[in-house]
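# Coordinates in review
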Amino acid sequence: MKRSIKILLIFAIIIILLLLSIFIREIVLCYEGNLDKSNPMTREEVISLLERGANYSNYYYRYDSSIDTLETEYYIKDGVSVCYVEGKLQSWTNFNENEKERITIWDTKADDGKLIATVVKDFTTTEDNQMSYDYSIVTDYQNYDFEYLGQKEENGRDIIVIKMQTKDSNSYVNFYIDNETGVIMARKDVSKALFITTYSNYSNRNVQFDVVTDENIARPDLSSYNVLES
């Protein structure tokens, strides 16, 4: 009898510890901290804020992601976006109307031994984006429900946090948006099975405002590349 009670007690302790570990894990992965909800924003107000961010003309960002180990950097200024991966130029894009041009540098060589660069002047982007950083799920009323979670101060900036829940699903995306500029500062993608998180990826952009120079966004010299145009 005593042996049975002891076994049951050990089993109960194991279950409690397991539930406690799941609870702690959920807090670490999903808890957003103590957010101020005193000044809520509607979905339409957030969309207007994001549109303001789409027009912000000078900032730099570098990804920190749970799953992406490559160092990716972007320089944004006056409608031009320049991307470096592991310190190497990957793309240069001019989004300005009548000046549209996208240059992509490939890590492959042509028969002449030169690296290949492609130049495209006829390209389209999604309507709801900040220099190709997509936020179209915020404007997708059909497939996503909107929830304003609140605001917080981070690194001296006022950040609002919104949640976009996939309809009929346990998947959602949180956006962290600078309340002054409208630029997206970070994003978190989460999927759940019942109440347990099965996937979580937090992508911090490490945005720095008003630090990009004309030199940072200068069109690359393609004289040393094998250039393919379309």
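Coordinates for the structure precede this section.
Scoring rules and cut-offs
- Residues numbered from 1 in each chain as written.
- Predicted model: local features only at pLDDT ≥ 70, side-chain atom pairs only at ≥ 80, totals over all residues.
- Heavy atoms only, no water.
- Helix = DSSP H or I, 4+ residues; strand = E, 2+ residues; numbered from the N terminus.
- Rg over C-alpha atoms; globule rule 2.2 N^0.38 Å.
- Buried < 20%, exposed > 50% of the residue type's maximum accessible area, 1.4 Å probe, protein only.
- Contact = heavy atoms within 4.5 Å.
- Areas by Shrake-Rupley, 256 points an atom, 1.4 Å probe, with all protein chains shown as cover.
- Lys, Arg positive; Asp, Glu negative; His and termini not counted.
- Charge placed at Lys NZ, Arg CZ, Asp CG, Glu CD.
- Core = buried A, V, L, I, M, F, W, Y, C linked by side-chain atoms within 4.5 Å.
- Phe/Tyr/Trp six-rings, centres within 6.5 Å; stacked < 30°, edge-to-face > 60°.
- Pairing = 2+ DSSP bridges.

## What to know about the overall build of the protein
- Helix and strand counts for the protein come out as 2 helices and 16 strands.
- Relative to its length of 230 residues, the protein is extended, with a C-alpha radius of gyration of 23 Å against a globular reference of 17 Å.
- Across its three principal directions, the C-alpha atoms of the protein cover 85 × 50 × 35 Å.
- Taking all 230 residues of the protein together, 38% fall into the buried category.
- Of the contacts made within the protein by residues no fewer than 6 positions apart, 49% connect residues no fewer than 24 positions apart.
- Of the accessible surface of the protein, which amounts to about 13,900 Å², a share of 52% is contributed by carbon and sulfur atoms.
- In the protein, 24 positive and 37 negative side-chain charges are present, and the distance between their average locations comes to 11 Å.

## What about the nonpolar core?
- V46, Y59, V138, I160, I162, F175 and I177 are the most contacted members of the largest nonpolar core, which has 37 residues in total.
- Looking at this core, the elements that each hand over two or more residues are α2 (43-54), β1 (58-62), β3 (72-77), β4 (80-85), β10 (144-154), β11 (157-166), β12 (172-178) and β13 (184-193).
- Once residues lying within four places of it in the same chain are set aside, the contact partners of I162 are V46, V138, F146, E147, Y148, L149, V173, N174, F175 and I177.
- Membership of the second largest hydrophobic core comes to 12 residues, among which are Y75, W92, I103 and V212.

## Focus on the packing of aromatic side chains
- The final tally for this structure, using the stated rule, is 13 aromatic pairs.
- A ring pair is formed by Y56 and Y59, whose centres lie 6.3 Å apart and whose planes are at 45°; its orientation type is tilted.
- Owing to a relative accessible area of 23%, Y56 belongs among the partly exposed residues under this scheme.
- Ring geometry for Y59 and F209: centres 6.4 Å apart, planes at 50°, overall tilted. With a gap of 150 residues between them, Y59 in strand β1 and F209 in strand β15 (residues 208-209) connect regions that are remote in the sequence.

## What about the sheet that holds β12?
- Reading across from one edge, β2-β14-β13-β12-β11-β10 is the order of the 6 strands in this open sheet, with antiparallel pairing throughout. Of all strands in the sheet, those bounded by a partner on one side alone are β2 (64-65) and β10.

## Topic: the sheet that holds strand β6 (residues 101-109)
- The strand order across the open sheet formed by 8 strands is β15-β1-β3-β4-β5-β6-β7-β16, and the pairing between neighbours is mixed. Both outer strands of the open sheet, β15 and β16 (226-229), are each paired with one neighbouring strand and no more.
- Relative to β15, β1 is paired through 2 bridges, and the arrangement is antiparallel. Residue pairing for β15: Y60 is matched across the bridge by Q208.

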